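Coordinates in review
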Amino acid sequence: MRFERWLARVGAVLSVFAMQAEALSTDKRDIKNNSMIVYNALPKSVSSFDEMFSEAVVYGRLRSNMFYWDWENPSAVTEDNFSWGVGGSLVYSTGYLEGLGATAGMYTTHTIATDNTVTVDGLIYDTGASGKDTYSRATGSGSHIDVLALSYLEYKVSQSSIKIGRQIFESAMLRSNDTKMIPNTFEGCALESHERKETKLRLAYFTRQKLRDHRDFHSIIAYEGYQADGGYTQNDDGAAHRGLSVSNIQAASKDVEPEMFVATIQDRSIQGLKLNLDGMYIDGFVSSAVAEANYRIKLEDGWSLTPGVRYFHQMDEGAGRIGGAALSGAFGLDKTASSQELASYKDPDSVEGGAWMARVKLSKGAGQLTAGYSSVLDKADLIAPWRGFPTAGYTRSMAQYNWEANTRSWMIQSVYDFGMSGIIEGLRGAIDYAYMDYDQTKIDAKTIYRTDRDIIHLDAFKTFDSVKNVELKFRAAMVNSEKSPHLDEDYTSYNEYRFEVNYLF
């Protein structure tokens, strides 16, 4: 079958493509391979109000991103689709007067020859798959986004700072995840402290979120499907809890726009050991804690071995009664679950849950090999629609969600930097294979959307000494899913291709 042919092809290029930690690097800022931004040139402290603006720093970016999704068996609502977004961003940061400064970031994406909206039986479906983030979900396929995604005041004192406004926040649970055209950002305030060199502490209070394919900020947790008068206007992330819909939250007399509290701490006091602890709390809905430890062991001849573990603990603060244990929404207040559905979860009215993960990395110079495993407890699905994926770095492959209850996954990844090793200037890449084993009981009961699957995912990055500040990125995934027992064909196997061009200035 097609997947086996692709497996043979990918095996042939396994020794050609891979990736290392370094990415597109400029004098002003770097783009890491996970799309996080690292700023090299920061605004300076100034002595007058005029100098706040004369000494400001502008960060520019031009961007093109193409997506093609090739289904093995296209259906009425899963058609082969193509999306192409072009745009960029301008981020303006003032100098700091007595520690006070400001940042604003304008982002834009406009599509070219993109129309992936279909109507079936009077219902509108967006078949854009992963490429939907090149346009606005609120107004449909092909529509543009121009948005002030960043807009905050910042005050710095000693080794600490506080930001108030629209901002990016990177943690185990919350991420910018800027792999498309516009980052995922939040409204609120965040405090960061480095008073102790080996320890980083952060506290945040957020009231709203803007997903990558939205023009407007919206609820952090409330889900809303397509609305005829407004499209998608709430948290319709692929990992959103559909039982926590606007109507269900209102029926439970809860706040549709609750506040989120976040706390993170990272410590490197012990040489080679990195400890992370993240906490998140949404009053009336859910809270979670993520603990992680990674320890780097130096071996002979430049080799190193880094074992890592992560534990995710989720607590019910009221979401279970509103939306139920399943992300699919099968146990929401607006649903009457069948006896088979009810039996597929141990407690369908609770979101108490968790997961544990383990991995080991073997590294030397330009190369790295990682093997990871994750197991979600047979309780509730994990709630994480903020682009910080619970299994990221362990078993999550591109565009995959594997944190439904009683899901087990394995992944092996090879990475290499051909430029670092002197083989091919500016080339680096990665290839991984993952297997995701979902709970068959939940598949049979229709309480999860996915089926067991094999994934091969390939990344390749290329920069050029002759063309400064430009990076080309190619990504591909081949997904072979088992056929759903509820369908007459396999409608979930596909190949996906992405091509991105970045220019920083």
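Residues numbered from 1 in each chain as written. Predicted model: local features only at pLDDT ≥ 70, side-chain atom pairs only at ≥ 80, totals over all residues. Heavy atoms only, no water.

Topic: the overall build of the chain
The test is simple: The helix count covers DSSP runs of H or I at least four residues long, the strand count covers runs of E at least two residues long, and both are numbered beginning at the N terminus. Atoms counted for the radius of gyration: C-alpha only. Globule rule: 2.2 Å times residue count to the power 0.38. Accessible area is worked out with a 1.4 Å probe on protein chains only. A residue is then buried under 20% of its type maximum, exposed over 50%, and partly exposed in between. Only heavy atoms matter for contacts: two residues are in contact if any of them lie within 4.5 Å across the pair. To be clear on the numbers: accessible area is Shrake-Rupley with a 1.4 Å probe, and residue cover counts the displayed protein chains and nothing else. The convention is simple: Lys and Arg are positive, Asp and Glu are negative, and His and the chain ends are not counted. We put the charge of a Lys on NZ, of an Arg on CZ, of an Asp on CG and of a Glu on CD.
In terms of helices and strands, the chain carries six helices and 26 strands. What you see for the chain is a C-alpha radius of gyration of 23 Å, in line with the 23 Å of a compact globule of 505 residues. Its C-alpha atoms give the chain principal-axis dimensions of roughly 70 × 55 × 50 Å. Among the 505 residues that make up the chain, the fraction classed as buried is 53%. Restricting to contacts in the chain with at least 6 residues of sequence separation, those with at least 24 account for 63%. When the accessible area of the chain is evaluated, it comes to approximately 21500 Å², of which 56% is carbon and sulfur surface. Put simply, the chain has 52 plus and 66 minus side-chain charges, and the middle of one group is 5 Å from the middle of the other.

Here we look at a nonpolar patch on the surface
Filter applied, for reference: Only residues whose relative accessible area exceeds 30% and that form no salt bridge enter a patch; like-charged residues are grouped when within 9 Å of one another, and nonpolar side chains (Val, Leu, Ile, Met, Phe, Trp, Tyr) when within 5 Å. The term salt bridge refers to a pairing of a side-chain nitrogen on Lys or Arg with a carboxyl oxygen on Asp or Glu at a separation within 4 Å.
Together, Leu100, Leu153, Tyr155, Val157, Ile162, Ile164, Leu191, Leu201, Leu203, Ile265 and Leu277 line one region of the surface with nonpolar side chains, adding up to about 910 Å² of accessible area. Secondary-structure elements contributing two or more residues to the nonpolar patch are strand E11 (145–157), strand E12 (160–167) and strand E14 (199–210). When residues of the nonpolar patch are assigned to their parent elements, the largest contribution, three residues, is made by E11. Within the element layout of this structure, Leu191 appears in strand E13 (residues 185–193).

Side note on the pattern of salt bridges
Counting across every chain of the model gives 25 salt bridges. When the shortest N-O distance is used, the salt bridge between Lys462 and Glu425 registers 3.9 Å. Of the two residues, Lys462 is situated in strand E24 (residues 453–463) and Glu425 in the loop between strand E22 (408–417) and strand E23 (427–437); the sequence distance between them amounts to 37 residues. Taking relative accessible area as the criterion, Glu425 reaches 38% and is therefore assigned partly exposed. Among the charged side chains, a salt-bridge network with shared partners connects Arg61, Arg63, Asp178, Lys473 and Glu500.

Details of a negative patch on the surface
A contiguous patch of negative charge, built from Asp255, Glu257, Glu259, Asp283, Glu317, Asp347, Asp349 and Glu352, is present on the exposed surface. By secondary structure assignment, the location of Glu317 is in the loop between strand E19 (304–316) and helix H4 (319–323).

Regarding the pairing of strand E16 (residues 273–282)
Every other side chain in a regular strand lies on the same face of the sheet, so the side chains alternate between the two faces. What counts is decided by this rule: Whether two strands pair depends on DSSP finding at least two bridges between them.
Relative to E16, strand E15 (residues 260–267) runs antiparallel, the two being bridged by eight bridges. Within the sheet, the bridge partner assigned to Ile265 lies in E16 and is Leu277. In this antiparallel pair of consecutive strands, E15 and E16, the connection spans five residues, and Gly272 shows a positive phi of 85 degrees. Both E16 and strand E17 (residues 286–295) contribute to a ladder of ten bridges, which runs antiparallel. The residue of E17 that forms the bridge with Asp278 is Val290. Between E16 and E17, which follow one another and run antiparallel, lie three residues, and Gly284 among them has a positive phi close to 85 degrees.

Things to note about the nonpolar core
Rule in force here: Joining through side-chain atoms within 4.5 Å is the link that ties buried Ala, Val, Leu, Ile, Met, Phe, Trp, Tyr and Cys residues into a set, and such a set is a nonpolar core.
Grouped together as the largest cluster of nonpolar side chains are 57 residues, with contacts concentrated most on Leu174, Phe206, Ile282, Phe285, Trp386 and Trp403. If sequence neighbours within four positions are ignored, Leu174 has contacts with Phe169, Phe186, Phe206, Met260, Val262, Trp386 and Gly388.

Focus on empty space enclosed by the protein
Going by this rule: Using a 1 Å grid laid over the protein atoms alone, points where a 1.4 Å probe fits but cannot get out form a cavity; open sets with protein on both sides within 12 Å along at least 5 of 7 lines form a pocket; any residue with an atom within 4 Å of a point counts as lining. Grid points are joined across faces, edges and corners, and a volume is the space filled by probe spheres set on the points. Polarity classes work like this: nonpolar for Ala, Val, Leu, Ile, Met, Phe, Trp, Tyr, Cys and Pro, charged for Asp, Glu, Lys and Arg, and polar for all others, with Gly in that last group.
On inspection of all chains with the given rule, the structure shows one cavity of 30 Å³ or more. Forming the boundary of the largest cavity are Arg61, Arg63, Gly88, Ser89, Tyr107, Asp178 and Met181. Listed by contribution, the elements that provide at least two residues to the lining of the largest cavity are strand E5 (57–71) and strand E6 (81–93). Its residues placed into classes, the lining of the largest cavity shows two nonpolar, two polar and three charged.

Some thoughts on the side chain of Ser193
As a reminder, the rule being used: A 3.5 Å cut-off defines polar contacts: any pair of N or O atoms within that distance qualifies, except that in protein one atom must be a possible hydrogen donor and the other a possible acceptor, and neighbouring residues in sequence count only when both atoms are side-chain atoms.
Of note, Ser193 is situated in strand E13. Residue Ser193 is classed as buried on the basis of its relative accessible area of 17%. A polar atom in the side chain of Ser193 sits 3.1 Å from the side chain of Ser160. In terms of polar contacts, Ser193 uses its side chain to reach the backbone amide nitrogen of Glu195, at 3.5 Å.

Topic: the environment of Lys197
Within the secondary structure, Lys197 sits in the loop between E13 and E14. Linking Lys197 and Ile182, residues 15 residues apart in sequence, is a C-alpha distance of 32 Å.

Describing the sheet that holds strand E1 (residues 24–25)
Strand pairing in a sheet relies on backbone hydrogen bonds. The paired strands run either parallel or antiparallel. On the basis of which strands lie adjacent, the open sheet formed by three strands has the order E1-E2-E3 and antiparallel pairing. Edge positions in the sheet fall to E1 and strand E3 (37–39), since each of these pairs with one other strand and no more. Across two bridges, the pairing between E1 and strand E2 (residues 29–31) is antiparallel. By the bridge assignment, Leu24 is partnered in E2 with Ile31.

Notes on the environment of Pro485
Mapped onto the fold, Pro485 is located in the loop between strand E25 (470–481) and strand E26 (494–504). For Pro485 and Ala445, which are 40 residues apart along the polypeptide, the C-alpha to C-alpha distance reads 9.8 Å. The residues contacting Pro485, other than those within four sequence positions of it, are Gln440, Ile443 and Asp444.

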